[in-house]
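Structure assessment
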Protein chains: 2
Amino acid sequence: MLTKHFGEVCRDSARSRPVERVPDMRDDDPAAARERVIESMEQSAELYGLSRSAGRIYGVLYFAAEPLSIGDLVEETGYAKSTVSNVTRTLTRIGLIRRRSSSGGGRRVRFEPERELWYVVREVLRRDVARELQTTLRTVRQAERDLEAVDDETAARIRELRETHETLLDVVDLAADFSAAELREALEAYDR
Amino acid sequence: MLTKHFGEVCRDSARSRPVERVPDMRDDDPAAARERVIESMEQSAELYGLSRSAGRIYGVLYFAAEPLSIGDLVEETGYAKSTVSNVTRTLTRIGLIRRRSSSGGGRRVRFEPERELWYVVREVLRRDVARELQTTLRTVRQAERDLEAVDDETAARIRELRETHETLLDVVDLAADFSAAELREALEAYDR
DNA sequence: TCGTTCGTTCGGGATGAGCCGAACAACACG
DNA sequence: CGTGTTGTTCGGCTCATCCCGAACGAACGA
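None of the values given here were measured: they were computed from a predicted structure.

Looking only at helices and strands, one finds 7 helices and 2 strands in chain A. Helices and strands in chain A line up, N terminus first, as α-α-α-α-β-β-α-α-α. Expressed as a percentage of its 192 residues, the buried residues of chain A come to 47%. With an accessible surface of roughly 9,600 Å², chain A has 45% of that area assigned to carbon and sulfur atoms.

Written out as structure tokens, the structure reads:
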């Protein structure tokens, strides 16, 4: 997936949050603007199969002046400590945030966001998508080999499937080696 | 998302299926090979945030010689008619399968698969990802405008976020206009 | 050594997803 | 018009997910 639910993109987006945030502020208040952007991140998180809390935690870290600990995040987001602990683990695994352990003394863990989103996408492409394509490809190739002698519709379909996946894997592998700006340039430069 | 769960990619993949399939067959049996590929599709479906049944139904359609009706799919997959009805609706919305209604007479609906997977990805990029990026961008730009007078860390972060999203949206828009082969060629041709 | 401070893990409650069977609705054909 | 056939919708069941509070464990300082 890449998306959790391709449809019903907006479900109940008015889930009651545990703490109230930014009661009433003027429009040019940085805190209010920040809050609106973070809410947008919550929504995006849902589209990409993450929980709403993941979006908020990433958002808080995005705007933070310095890496935050779990305790800090609990205070900022109003989520329980266990929730923050689990969500940060998930976000770390994806690559959306990083643990900066042992900054100075103490076992206090601090998290900082990866702000270059394309890096995150790239890692997902490599770690998840490419790997999935490879696994499928292995299965398909094995099936193709098993049916070497056969020449029916099924064999033809399997060949087609292999070719499709080979192309997709090539594209993913290639794209994962580009930066976002390079990618844009490469696509703009290409003339058909 | 694009993926439902970026982690725990393999959960209990041995869920009991309602009907038994391909009891025991030789390795070069087309049906056995087909079955293994379809099982692989079930797994892929999960990664991309779809249900296992969606993967199987798509797989059955992929190998079908002709478009299948809901009744056919019930017979082929062993799922309940209601399940097949719901899943086909989802798959149609995504673009993985198409309804070929009114082929000849009758109100019998038939489904056929989109075998060019990149087309599907492209549609998802356009319909879901690009749209999401645009929505976020609108929010971020509004926030930036609200903070025109302000010049603090938050304002800087918002500017950075806008630039990131603008680049990503450009890339998505561009990529969605390419075929898979063109995309590969464009990336291969680009020399840094 | 003993609190203190942090983070993780465990069990539980609420919500939602996936699947089922059965009832319902639409349409073709006798 | 019935009547069978096909697809959709509805209520229910089960299981996973999300989030919580509380208990647990590991490190550090006094």
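Structure shown, so let's carry the discussion forward.
Time to look at helix α7 (residues 180-189) of chain A. Looking only at α7 of chain A, the buried set comprises A180, L183, A186 and L187 of chain A. What you see down the axis of α7 of chain A is that its buried residues fit within an arc of 125 degrees, all on one side. Facing away from the buried side of α7 of chain A, by more than 90 degrees, are the exposed residues E188 and A189 of chain A. At its buried positions, α7 of chain A is contacted by α5 (117-146) of chain A together with α6 (153-175) and α7 (180-189) of chain B.

Here the focus is the relation of the copies chain B and chain A. When chain B is fitted onto chain A, the two copies agree to an RMSD of 0.0 Å after a turn of 180 degrees and an axial shift of 0.0 Å. Taken together, the rotation and translation relating the two chain copies correspond to the operation of a two-fold axis. Comparing interface residues between copies, 99% of those in chain B also sit at the interface in chain A, which points to an isologous, same-surface contact.

On to the pattern of salt bridges, then. Tallied over the entire structure, the rule returns 37 salt bridges over all chains. Put simply, R141 of chain A and E166 of chain A hold a salt bridge, and the shortest N to O gap is 2.9 Å. Placement of the pair is R141 of chain A in helix α5 and E166 of chain A in helix α6 (residues 153-175), with a sequence separation of 25 residues. On the basis of relative accessibility, which here comes to 35%, the residue R141 of chain A falls in the partly exposed class. Of the charged contacts in the structure, one is a salt bridge between D146 of chain A and R36 of chain B, with a shortest N-O distance of 2.5 Å. Placement of D146 of chain A in helix α5 and of R36 of chain B in helix α1 (residues 30-47) is noted, with the two residues assigned to different chains. Judged by relative accessible area, which is 16%, D146 of chain A ranks as buried. The class of R36 of chain B is partly exposed, set by a relative accessible area of 27%. Connected through shared salt-bridge partners, E35, E42, E46, R52 and R56 of chain A make up one network.

The next subject is the side chain of S53 of chain B. Residue and element names in this part refer to chain B. Turning to its location among the elements, S53 is positioned in helix α2 (residues 52-63). Side chain to side chain, S53 and S51 meet in a polar contact 3.0 Å long. Leaving out residues up to four positions away in the same chain, S53 has contacts with Y79, T83 and V87.

The next thing to look at is the packing of α5 of chain A against α6 of chain A. Residue and element names in this part refer to chain A. Between α5 and α6, the shortest axis-to-axis distance is 9 Å and the interhelical angle comes to 155 degrees. Here α5 is positioned roughly antiparallel relative to α6, judged by the angle of their axes. Helix-helix and strand crossings are classified by hand; for α5 and α6 the assignment is left-handed. For the contact of α5 with α6, the per-class residue count stands at 14 nonpolar, 3 polar and 7 charged.

Scanning the entire structure with this criterion turns up 6 aromatic pairs over all chains. Considering the side-chain rings of F178 of chain A and Y190 of chain B, the 5.8 Å spacing of their centres and the 40 degrees angle between planes classify their relative orientation as tilted. Here F178 of chain A is found in the loop between α6 and α7, whereas its partner Y190 of chain B is found in the segment after α7 on a different chain. Across this residue pair, the class does not change: F178 of chain A and Y190 of chain B are buried.

On to the environment of E114 of chain A, then. Residue and element names in this part refer to chain A. Looking at the element boundaries, E114 is found in the loop between β2 (110-113) and α5. In this structure the C-alpha to C-alpha distance between E114 and L96, which are 18 residues apart in sequence, comes to 5.3 Å. Ignoring any residue separated from it by four or fewer positions in sequence, one finds E114 in contact with Y58, G95, L96, I97, R98, Y119 and V120.

So, how was this worked out
- Residues numbered from 1 in each chain as written.
- Chains lettered and ligands numbered in written order.
- Predicted model: local features only at pLDDT ≥ 70, side-chain atom pairs only at ≥ 80, totals over all residues.
- Heavy atoms only, no water.
- Helix = DSSP H or I, 4+ residues; strand = E, 2+ residues; numbered from the N terminus.
- Buried < 20%, exposed > 50% of the residue type's maximum accessible area, 1.4 Å probe, protein only.
- Areas by Shrake-Rupley, 256 points an atom, 1.4 Å probe, with all protein chains shown as cover.
- Arc of directions from axis to C-beta.
- Contact = heavy atoms within 4.5 Å.
- Least-squares fit on C-alpha atoms with pLDDT ≥ 70 in both.
- Salt bridge = Lys/Arg side-chain N within 4 Å of Asp/Glu carboxyl O.
- Polar contact = N/O pair within 3.5 Å; in protein donor to acceptor, adjacent residues only side chain to side chain.
- Axes fitted to C-alpha atoms, helices over the stretch in contact; angles between N-to-C directions.
- Parallel < 35°, antiparallel > 145°, perpendicular 65-115°, else oblique.
- Left-handed = near helix turned anticlockwise from the far one by under 90°.
- Nonpolar A, V, L, I, M, F, W, Y, C, P; charged D, E, K, R; others polar.
- Phe/Tyr/Trp six-rings, centres within 6.5 Å; stacked < 30°, edge-to-face > 60°.

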